[in-house]
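Read off the chains here:
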Amino acid sequence: MSLDFTDLEVGRGEEKLVGSPYRRLEDPIFITKGATYVGDLEFDDIAHISFVRSPVASANLKNVDVSEALGQPGVIAAFTAKDIEIPAIINWINKVIERPFLAKDKLRFVGEAVAMVIGETKAFAEDACEFVNIDYDLTTPIIDPRQSANNEVSLFEGCTSNIVASIEGGQVAQIGEVRIEAEFVNQRLAPCPMEGRAVVATIDGEMLTVYISNQAPHSAKRSIIRYLSIDEGNLRVITPDVGGGFGSKIGTYPEEILVPYIARKLNRTCRWVETRSESMVSLGHGRGQIAKVTLGGDRDGKIRSYCLSVIQDCGAYPEIGANMPALTRWMTSGCYDIDSVDFNSISVLTNTNPTVAYRGAGRPEAAYAIERAVDMFATEIGMDKAEVRFKNFIDPKNFPYQTKVGSTYDCGNYEESLRRVLKLANYDELLVDKENRIKDKSDLLLGIGISSYVEITHGFPAKEFGSVELISGGKLSVKVGTLSHGQGHRSAISMIVRDVTGVDPCNIDFYQGDTELIESGVGTFGSRSMQSGGVACKRAADMLVTKAMEFLSNHLDVDLDKVEFSWHEGGQFSVGSMCLSWSDLYRLAKNEGKVLKASENYESSSPTFPFGAHLAVVEVDVETGKVHLRDMFAIDDAGNILNPLLAKGQIHGGLAQGISQALYEEFIYDQDGNPLTATFADYGFPTAAEFPQFRDELMQTPTSVNELGVKGIGESGTIGATPAVVNAVMDALSVYGISHIDMPLSPEKVFSAIKIAKRSK
Amino acid sequence: MQIRLKVNGEAMNFDVEPRLLLVELIRDHVRLKGTNIGCDTTSCGACTVLIDGHSAKSCTVLALQADGCEIITIEGIGTIEKLHPMQEAFYKHHGLQCGFCTPGMIMAGISLAGELDNPDESEIRLGIEGNLCRCTGYNNIVEAIKSGLSEMKQLSLSATSESQLYPKDADK
Ligand code: FES
Ligand code: FES
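Residues numbered from 1 in each chain as written. Chains lettered and ligands numbered in written order. Predicted model: local features only at pLDDT ≥ 70, side-chain atom pairs only at ≥ 80, totals over all residues. Heavy atoms only, no water.

Novice: Give me the overall build of chain B: which residues, what numbers.
Specialist: When its secondary structure is counted, chain B shows six helices and five strands. In chain B, the succession of helices and strands from N to C terminus is β-β-α-β-β-β-α-α-α-α-α. Expressed as lengths along the three principal axes of its C-alpha atoms, the size of chain B is roughly 45 × 35 × 25 Å. The 172 residues of chain B split such that 58% are buried. If you take every contact in chain B between residues at least 6 apart in sequence, the share linking residues at least 24 apart comes to 61%. Roughly 6,600 Å² of accessible area belongs to chain B as shown, and the carbon and sulfur atoms make up 47% of that amount. Taking the 15 positively charged and 23 negatively charged side chains of chain B as two groups, their mean positions are separated by 3 Å. (Helix = DSSP H or I, 4+ residues; strand = E, 2+ residues; numbered from the N terminus. Buried < 20%, exposed > 50% of the residue type's maximum accessible area, 1.4 Å probe, protein only. Contact = heavy atoms within 4.5 Å. Areas by Shrake-Rupley, 256 points an atom, 1.4 Å probe, with all protein chains shown as cover. Lys, Arg positive; Asp, Glu negative; His and termini not counted. Charge placed at Lys NZ, Arg CZ, Asp CG, Glu CD.)

Novice: Residues and numbers for the interface of chain A and chain B, please.
Specialist: Taken together, the contact between chain A and chain B spans 60 residues of the former and 48 residues of the latter. For the pair chain A and chain B, the two sides together bury roughly 4,400 Å², of which 55% comes from carbon and sulfur. Considering only the side of chain A, the residues that lose the most area to chain B are A:I31, A:M194 and A:Q693, jointly responsible for 18% of the buried surface there. One can count six salt bridges joining chain A with chain B. Put simply, B:K33 and A:E42 hold a salt bridge, and the shortest N to O gap is 3.3 Å. Summed over the shared surface of chain A and chain B, the number is 28 residue pairs in polar contact (both at pLDDT 80 or more). Breaking the side of chain A that touches chain B down by element, the ones donating at least two residues are α1 (27-32), α3 (122-129), α7 (276-282) and α16 (644-663) of chain A. With eight residues, α16(A) is the largest single contributor of residues to the side of chain A that touches chain B. Here the side of chain A that touches chain B is composed, by residue class, of 30 nonpolar, 17 polar and 13 charged. (Buried area = accessible area lost by both parts, 1.4 Å probe. Salt bridge = Lys/Arg side-chain N within 4 Å of Asp/Glu carboxyl O. Polar contact = N/O pair within 3.5 Å; in protein donor to acceptor, adjacent residues only side chain to side chain. Nonpolar A, V, L, I, M, F, W, Y, C, P; charged D, E, K, R; others polar.)

Novice: Break down the sheet that holds strand β4 (residues 54-57) of chain B for me, with residues and values.
Specialist: As a general point, the strands of a sheet are linked pairwise by backbone hydrogen bonds and lie either parallel or antiparallel. Residues and elements named next belong to chain B. Sheet architecture is open: five strands sit in the order β2-β1-β5-β3-β4, paired in mixed fashion. With one partner strand each, in any of the chains shown, β2 (10-15) and β4 form the two edges of the open sheet. With direction set aside, neighbouring strand axes in the sheet form an average angle of 40°. The sheet contact formed by strand β3 (residues 48-51) and strand β5 (residues 70-72) spans two bridges and is antiparallel. The residue bridging L50 from the neighbouring strand is I72, located in β5. Sheet strands touched by helix α3 (residues 102-115): β3, β4 and β5. Its angle to β3, the strand with the most contacts, is close to 40°. (Pairing = 2+ DSSP bridges. Axes fitted to C-alpha atoms, helices over the stretch in contact; angles between N-to-C directions.)

Novice: Give me the packing of helix α10 (residues 385-392) of chain A against helix α11 (residues 414-425) of chain A: which residues, what numbers.
Specialist: Residues and elements named next belong to chain A. Viewed as axis vectors pointing N to C, α10 and α11 meet at an angle of 165°, and their least axial separation amounts to 10 Å. With respect to α11, the axis of α10 lies roughly antiparallel. α10 and α11 meet at a crossing whose hand is left-handed. The residues of α11 that touch α10, namely those facing A386, R389 and F390, are E415, L418, R419 and L422. Classifying every residue of the contact of α10 with α11 gives four nonpolar, no polar and three charged. (Parallel < 35°, antiparallel > 145°, perpendicular 65-115°, else oblique. Left-handed = near helix turned anticlockwise from the far one by under 90°.)

Novice: Lay out the pairing of strand β2 (residues 59-65) of chain A with the relevant residues and their values.
Specialist: Residues and elements named next belong to chain A. Where β2 and strand β6 (residues 106-107) come together, two bridges link them in antiparallel fashion. Bridged to N60 within β6 is K106. Where β2 and strand β8 (residues 133-138) come together, six bridges link them in antiparallel fashion. Residue V64 lies in a different strand from β8, and its bridge partner there is I134.

Novice: How would you summarise the domain arrangement of chain A if you had to cite specific residues and measurements?
Specialist: Residue and element names in this part refer to chain A. Along its sequence, chain A is organised into domain 1 (40-139 + 197-242 + 249-282), domain 2 (286-458 + 607-760) and domain 3 (464-602). A C-alpha centroid distance of 41 Å is found between domain 2 and domain 3. Taken together, the contact pairs 18 residues of domain 2 with 16 residues of domain 3. Carbon and sulfur atoms make up 59% of the surface buried where domain 2 meets domain 3, a total of about 1,300 Å² over both sides. Of all residues in domain 2, H458, L642 and E707 bury the most surface against domain 3, accounting for 42% of the area lost on that side. The interface formed by domain 2 and domain 3 includes one salt bridge. One salt bridge connects E707 with R539, and the closest N-O pair in it is separated by 2.7 Å. (Domains from an automatic or database assignment.)

Novice: Provide a residue-level description of unusual backbone geometry, including the pertinent values.
Specialist: Note that the residue after A:F399, namely A:P400, is joined by a cis bond; omega there is -5°. Considering the arrangement of structural elements, one finds A:P400 in the loop between α10 and β18 (401-402). The omega torsion of the bond from A:M743 to A:P744 falls at -10°, within 30 degrees of zero and hence cis. With respect to the helices and strands, A:P744 occurs in the loop between α17 (716-733) and α18 (747-759). Residue B:H94 is not a glycine yet carries a positive backbone phi of 50°. On the accessibility criterion, B:H94 (2% relative accessible area) is buried.

Novice: Give a detailed account of helix α12 (residues 427-439) of chain A, specifying residues and quantitative values.
Specialist: Residue and element names in this part refer to chain A. With 13 residues, α12 extends 19 Å from end C-alpha to end C-alpha; this agrees with the ideal 18 Å at 1.5 Å per step. Of the surrounding elements, those touching the buried residues of α12 are α10, α11, β20 (444-454), β28 (611-621), β29 (627-637) and α17. At the C-terminal side of α12, K441 shows a positive phi close to 55°. (Expected span 1.5 Å × (residues − 1).)

Novice: Please set out the confidence of the model for chain A residue by residue, giving values where relevant.
Specialist: On average, chain A scores 95 in pLDDT, and the residues at 70 or more come to 98%. Note on residues 1-11 of chain A: pLDDT is under 50 here. Beyond four places in sequence and across chains, it has 24 contacts. (pLDDT = per-residue confidence, 0-100.)

Novice: Go over the sheet that holds β6(A) with me, naming the residues and quoting the values.
Specialist: With respect to topology, three strands assemble into an open sheet ordered β6-β2-β8 (chain A), the strand pairing being antiparallel. Each having just a single partner strand, β6 and β8 of chain A make up the two edges of the open sheet.

Novice: An account of the pattern of salt bridges is needed here, citing residue identities and associated values.
Specialist: Inspection of every chain in the model, using the stated rule, returns 56 salt bridges over all chains. For B:R27, the salt bridge is made with A:D40, and the minimal N-O distance between the two is 2.8 Å. In this pair, B:R27 is assigned in helix α1 (residues 22-29) and A:D40 in the loop between α1 and β1 (47-53), connecting two distinct chains. Summarising the burial analysis for this pair, B:R27 and A:D40 share the class buried.

Novice: Could you give an account of the packing of aromatic side chains, naming the residues involved and the relevant values?
Specialist: A full pass over the atoms with the stated rule returns 22 aromatic pairs over all chains. Here the aromatic rings of A:Y37 and B:F100 are separated by 4.9 Å at their centres, their planes lie at 55°, and the arrangement is tilted. Placement of A:Y37 in the loop between α1 and β1 and of B:F100 in the loop between α2 (85-92) and α3 is noted, with the two residues assigned to different chains. Accessibility assignment for this pair places A:Y37 and B:F100 in one class, buried. Three or more aromatic residues joined by ring pairs form one cluster here, namely A:Y336, A:F390, A:F393, A:F399, A:Y414 and A:F611. Note that A:R108 overlies the ring of A:F156, its terminal NZ or CZ placed 3.6 Å from the centroid. (Phe/Tyr/Trp six-rings, centres within 6.5 Å; stacked < 30°, edge-to-face > 60°. Lys NZ or Arg CZ within 6 Å of the ring centre and 35° of its normal.)

Novice: Give me the lowdown on the packing of α2(B) against helix α5 (residues 139-154) of chain B, citing residues and values where you can.
Specialist: All names here are of chain B. Remark: α2 packs on α5, axes separated minimally by 8 Å, with the N-to-C direction vectors making an angle of 145°. At the point where α2 passes α5, the crossing takes the right-handed sense. Of the residues in α5, those in contact with P85, M86, A89 and F90 of α2 are I141, A144, I145, S147, G148, L149, E151 and M152.

Novice: Run through the environment of B:L126, naming residues and quoting values.
Specialist: Residues and elements named next belong to chain B. Note on placement: L126 falls in helix α4 (residues 121-127). Of the residues examined, L126 reaches a relative accessible area of 54% and is grouped as exposed. Considering only alpha carbons, one finds L126 and L116, ten residues apart in sequence, at a separation of 11 Å.

Novice: Go over the pairing of β20(A), please, and point to the residues and values.
Specialist: Residues and elements named next belong to chain A. For β20, the buried fraction is high: ten of the eleven residues fall into the buried class. Here β20 pairs with β28 via eleven bridges, running antiparallel. From the neighbouring strand, G449 faces β28, where its bridge partner is A616.

Novice: So, helix α13 (residues 489-501) of chain A: which residues are in play, and what are the values?
Specialist: All names here are of chain A. With 13 residues, α13 extends 18 Å between its outermost C-alpha atoms, agreeing within 8% with the 18 Å of an ideal straight helix rising 1.5 Å per residue. Within α13, twelve of the 13 residues are buried, leaving the element largely enclosed by the surrounding structure. Those residues of α13 that sit buried are H489, S491, A492, I493, S494, M495, I496, V497, R498, D499, V500 and T501. Where α13 terminates, the next one or two residues include G502, which has phi positive at roughly 85°.

This is the structure we're talking about:
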């Protein structure tokens, strides 16, 4: 494909691309024909899979009858647990817990897959699902994780406790003149990538090819190998364009293993594209944490001790969500230098959809807890909320800084980010405006909310693959083991490789998400991609240049130090007065039967800790309880910025999700475990009308953890925004003596809190 | 049942089942995959197309109802070589990430040209309320639509008739 980039303001000429707002290489196709998602792929003779899901949260399953469904028009086959000959998934956290691919003996949450119908069209399959009869005896569900933790009823036979994971701690002495105790709930959220899950499996002889909308194709491949007992060489996993994931597509779901299983059984191409309604109840949920905090401090503003106790709702089967408290723990004390810090947690089962990672994954919960607690402390001692933070920040001179729970923050300057956001927002004027409205007894109270956050990215450093190969015409082929599901990795990585080699990004063929083409890979989550795959590709490009110079020195029989390389003008090799391009190098190497290629499996030495400060300005209508987010200011520091256009895009998306948790979103189950927010019509998915234009700036404190100086930026916006917005609303409501309302801060909740406060005055 | 309609300027005949949705006709029969399906409650707008110049959620319209209509989808407004001003604006302002909402957003943005004159930020936000995006926080989408609309205005383009949709010299 040739693109006309002549209208670009950047990306031409002799400047480095890294650091410039280079437009995305992905976009020309995306905006003219649309991206190609799994559901867009066309195959001959394809069969369509539709799942029948549990209508109840807890029951003994007596029988599933598909005979009537089998008689419906266009139905090819129908399956229940009895027909699935693969052993249940043994849980990785608790070996006693098994998850059958289709529900067997027990129904454990509304939305659990019970049967599958395969039809000649999607409509035939969906229609026939109505004729599957599920016979069950209801049992009492447990929806509240606190109740589950009591262990009065055991959710799994053979499991003595509903607590599947725990972290010990919480024994530190509480010190200080003032003590703040509070409980904060991080409500359950539905990740809602606009593209839901989708899988196609095709068979060609022994060869199975699986197309899947996922964040980690190589680990999807490992899962399919494990459960289908297929030879590694006979399986190829491809992720075409992925329409968002936000953590929910890291793992491989039972349904996603069943699609290739059925394709092999029927020897026919099969497709499953989930509907939004099934996605809402069975694509893993995020958050679901209840936190108790105890903060001790002195009246001079110094925080002396802090303890965080967490109950994590895992849902019906322990998935990644069960491990979220470990990430929360790392970030317990946030940006502050506190003498005494501790953490403990339990992760418990309930009869709800399992929880997984969702944008921020454990860190938003930590930031929310401490940022809310610090605000309460400031209110208690009558100190300005910015000032109390300045008094407790880790000194920028003390990095790397080891926290009391054992995280080692690489670098940071929390004072500077807060100073900058206060300036950007005109903090002093806002304070005056707020006071004036109180004096004037205005119905529209102003609230100012600050949050200073630090978070961990690439939390589990793992090797990541990158390779660069010189191909025909002097072009490069770049392969990477991470996977963009909207972030724009093709653009960012092509920019990095261009700056090393001089080869224009338009002449770089970029590959990701194909286990046949890319020998290994970990995937994209935890804001890891640039600091793993990006660095791997940078190193591979460096090595390719070296290899090319060595080749030339051999070829021409000159000393290596006589060969020079410059990335200018598309990449130029020179030996004396002779000048050669990449295309010349390709020809010379080819004549000798050589391939010029370099690859790197890069393992970063440690995680990185992006940080920043957000400031939300809200207007709260005391007559209706409605919160209007007037302004959102953000200073975010993720080290060196590869492309500010893309980085800001990540921040914006993150801010929106963070704000939305504070004000709009909650996945609700009633006490019987019925989901009340199972469609986009019921769930508080925010529209454009709910947000202001964000006022954000990037700050750059490079990390020395990797040679690009980059940290992750995918989740920061979410982590900082939620506490900033809630702090702002509580700031406005402080005139009523209201200290906390759990999220989302809906008009009903705010209004009733005001009503109660007025009455008790 | 027989229907006749124009899709991106091309006249077509189909024999359709009464329950077939327009979005299914576009995706599975015309085989244009740019128009997406993001929900089952008419909430997301990923399926937005222009029907006789007005934006509509094609999951909410039966193929039958589109009989005799002119349908324009994302594939019908510009090419990589010659982008529509609204596409160009999304490109320039980084108005997309995963791209799933994008075709619908661009069509919704174009249709605002016929509905609002010089809209300000909040009018644009209200104007695309029926189109959901999970990736961008809408920030750059709003910027893009603002600049796309002013460019369309300068070129005297509107969405309401096919002949006015494209730049004059468009090689369509
Ligand atoms: S598919 Fe969601 S509105 Fe049409
Ligand atoms: S760009 Fe992903 S949903 Fe809008």
